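These are the residues of each chain, in order.
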Amino acid sequence: MRVFRLDPVTGLKQFPIREAGQFVLGDPKHGRKKHTVANRVLVGTEQEMIDLILRGHSVRVETSTRPSLVRLNLYVDGKKVS
């Protein structure tokens, strides 16, 4: 996996999750409502996900409690992008 989030508290890597085989992202144009099912953005490939992250989209990652839509501390190929 080329994309991960570094948890600011634990320092553990958190990886994007898939729903029905697609990565789940949030579009920044929806502001505080980007996390809702109606406003989610689904993409099929990791490269599509990376392109959207670089344009400001959030990505849903697996956390210790439940999946979370995040924008900060994201890394692509080991390089911090947000």
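Described below are features of the structure shown in this document. (Residues numbered from 1 in each chain as written. Predicted model: local features only at pLDDT ≥ 70, side-chain atom pairs only at ≥ 80, totals over all residues. Heavy atoms only, no water.)

What to know about the nonpolar core
Consideration 1: Counting 14 residues, the largest nonpolar core has Val-3, Leu-25, Val-43, Met-49, Ile-53 and Val-59 as the members making the most contacts within it.
Consideration 2: Among the elements that make up this core, the one with the highest residue count is helix α1 (residues 46-54) (4 residues).
Consideration 3: When sequence neighbours within four positions are dropped, the list of residues in contact with Val-59 reads Pro-16, Val-24, Leu-25, Met-49, Ile-53, Ser-68, Leu-69, Val-70 and Leu-74. (Core = buried A, V, L, I, M, F, W, Y, C linked by side-chain atoms within 4.5 Å. Buried < 20%, exposed > 50% of the residue type's maximum accessible area, 1.4 Å probe, protein only. Helix = DSSP H or I, 4+ residues; strand = E, 2+ residues; numbered from the N terminus. Contact = heavy atoms within 4.5 Å.)

Re unusual backbone geometry
Consideration 1: One non-glycine residue, Ala-20, adopts positive backbone phi at about 50 degrees.
Consideration 2: Structurally, Ala-20 can be placed in the loop between β3 (18-19) and β4 (22-26).
Consideration 3: For Ala-20, a relative accessible area of 83% gives the class exposed.
Consideration 4: Backbone geometry at Asp-77 places phi at a positive 55 degrees, although glycine is not the residue there.
Consideration 5: Its location among the elements puts Asp-77 in the loop between β8 (74-76) and β9 (79-80).
Consideration 6: The exposure class assigned to Asp-77 is exposed, which follows from its relative accessible area of 52%.

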